[in-house]
Amino acid sequence: GAGVSQSPRYKVAKRGQDVALRCDPISGHVSLFWYQQALGQGPEFLTYFQNEAQLDKSGLPSDRFFAERPEGSVSTLKIQRTQKEDSAVYLCASSRTPTEAPYEQYFGPGTRLTVT
Amino acid sequence: QQQVKQSPQSLIVQKGGIPIINCAYENTAFDYFPWYQQFPGKGPALLIAIRPDVSEKKEGRFTISFNKSAKQFSLHIMDSQPGDSATYFCAASYMNYGGSQGNLIFGKGTKLSVKP
């Protein structure tokens, strides 16, 4: 079946612009995570949704970052007034159910954001 | 404070060799330990995962060894091939959000190169 898809794959933004990154999780997956991966580093957690509820946003680096999953499927990560330090790959991952094994998270290909 | 420490940062082996990548963790609440493989321009892909109630798990050429008392786990790749050249990440997570498996906390990654 189809995996996690993300769009756009690449985004170049001028400093100060707003951007919106989309994630289409695997159909029926309850959990959805956003991670940020800086060059040469491991992914770092940003936020977590269980269906449409955002249960954890402790990893969002500033109030310029906002995420939503209004119908419990597609999710959008929005970054307002982008800064150069926002340049990174943004990864989305989904998992079938959070309450019983397996807890496997399936990752999308990521969106590479470059802020100039 | 880095919760999952991974070593080495890079590793070069000959084809057929057995690269070993090590990770150490601090949080005893962690109860799920996956390893991910990432190729350039791609999202992380799950290789193998282990729970703390077993000391070893094998899937194909990949083996996880787990030492709960030492809070360490490692990945062994048997009969390594040039196609295994990639970056490998260990990760950990625990039950959070009132009974749901939480976000992954990643190590910094190991860049593996397998020479023909």
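Residues numbered from 1 in each chain as written. Chains lettered and ligands numbered in written order. Predicted model: local features only at pLDDT ≥ 70, side-chain atom pairs only at ≥ 80, totals over all residues. Heavy atoms only, no water.

## Brief notes about the overall build of chain B
The helix and strand inventory of chain B stands at zero helices and 13 strands. When its helices and strands are written in sequence order, chain B yields β-β-β-β-β-β-β-β-β-β-β-β-β. The C-alpha radius of gyration computed for chain B amounts to 14 Å, which stays within 12% of the reference 13 Å derived for 116 residues, consistent with globular compactness. Overall, the C-alpha framework of chain B stretches about 50 × 30 × 25 Å when taken along its three principal axes. Taking all 116 residues of chain B together, 47% fall into the buried category. Of the roughly 5,500 Å² of accessible surface on chain B, 49% is carried by carbon and sulfur atoms. If the 12 positive side-chain charges of chain B are averaged to one point and the 7 negative ones to another, these points end up 7 Å apart. (Helix = DSSP H or I, 4+ residues; strand = E, 2+ residues; numbered from the N terminus. Rg over C-alpha atoms; globule rule 2.2 N^0.38 Å. Buried < 20%, exposed > 50% of the residue type's maximum accessible area, 1.4 Å probe, protein only. Areas by Shrake-Rupley, 256 points an atom, 1.4 Å probe, with all protein chains shown as cover. Lys, Arg positive; Asp, Glu negative; His and termini not counted. Charge placed at Lys NZ, Arg CZ, Asp CG, Glu CD.)

## Quick look at the packing of aromatic side chains
Summed over all chains, the structure comprises 21 aromatic pairs over all chains. With a centroid separation of 5.9 Å and 45° between ring planes, the pair formed by B:Phe30 and B:Tyr94 is classed as tilted. With a gap of 64 residues between them, B:Phe30 in the loop between strand 3 (20-25) and strand 4 (33-38) and B:Tyr94 in the loop between strand 9 (86-92) and strand 10 (95-96) connect regions that are remote in the sequence. Their ring planes at 70° and their centres at 5.7 Å tell us that B:Trp35 and B:Phe73 sit as a pair that is edge-to-face. Of this pair, B:Trp35 sits in strand 4 while B:Phe73 sits in strand 8 (residues 72-77), and the two are 38 residues apart along the sequence. Both residues of the pair, B:Trp35 and B:Phe73, count as buried. A connected cluster of aromatic rings, assembled from ring pairs, spans A:Phe33, A:Tyr35, A:Phe45, A:Tyr48, A:Phe107, B:Tyr36, B:Phe89 and B:Phe106. (Phe/Tyr/Trp six-rings, centres within 6.5 Å; stacked < 30°, edge-to-face > 60°.)

## A word on the nonpolar core
Side chains of a nonpolar character, in soluble globular proteins, are inclined to be buried together. Counting 25 residues, the largest nonpolar core has B:Phe33, B:Trp35, B:Phe73, B:Leu75 and B:Tyr88 as the members making the most contacts within it. Counting residues per element, the ones that place at least two in this core are strand 2 (10-14), strand 3, strand 4, strand 5 (45-50), strand 7 (62-67), strand 8, strand 9 and strand 13 (110-115) of chain B. The dominant element in this core, judged by the number of residues it contributes, is strand 9 of chain B, at four residues. For B:Tyr88, the contacting residues outside a window of four places in its chain are B:Gln6, B:Ile21, B:Tyr36, B:Gln37, B:Leu47, B:Phe62, B:Leu75, B:Ile77, B:Gly109, B:Thr110 and B:Leu112. Residues A:Ala13, A:Phe49, A:Phe65 and A:Ala67 belong to the second largest nonpolar core, which totals 20 residues. (Core = buried A, V, L, I, M, F, W, Y, C linked by side-chain atoms within 4.5 Å. Contact = heavy atoms within 4.5 Å.)

## Focus on empty space enclosed by the protein
Think of a ball as big as a water molecule: rolled over the atoms, this probe shows where empty space is left. All told, the structure shown has one cavity of 30 Å³ or more when counted by the stated rule. In this structure, the largest cavity spans a volume of roughly 40 Å³. As for the largest cavity, its lining consists of A:Phe33, A:Ser95, A:Pro98, A:Tyr103, A:Gln105, B:Tyr32, B:Ser93, B:Gln101 and B:Gly102. Class assignment of the residues belonging to the lining of the largest cavity gives a composition of four nonpolar, five polar and no charged. (1 Å grid on protein atoms, 1.4 Å probe; cavity = no way out; pocket = protein on both sides within 12 Å on 5 of 7 lines; lining within 4 Å. Points joined across faces, edges and corners; volume = space filled by probe spheres on them. Nonpolar A, V, L, I, M, F, W, Y, C, P; charged D, E, K, R; others polar.)

## Some words on the layout of surface pockets
The volume enclosed by the largest pocket comes to roughly 760 Å³. Lining of the largest pocket is provided by 35 residues; of these, A:Gln37, A:Leu39, A:Gly40, B:Gln38 and B:Thr87 occupy positions nearest its centre. Only strand 9 (88-95) and strand 11 (111-115) of chain A together with strand 9 and strand 13 of chain B provide two or more residues apiece to the lining of the largest pocket. Tallying contributions element by element places strand 13 of chain B first for the lining of the largest pocket, with four residues. Of the residues that constitute the lining of the largest pocket, the class distribution is 13 nonpolar, 17 polar and five charged. Roughly 460 Å³ of volume is contained in the second largest pocket. Sorting the residues of the lining of the second largest pocket by element identifies strand 5 (44-50) of chain A together with strand 12 (105-106) of chain B as the ones contributing at least two each. Ranked by residue count, the leading element in the lining of the second largest pocket is strand 5 of chain A, at three residues.

Any functional reading would require information beyond the geometric quantities listed.
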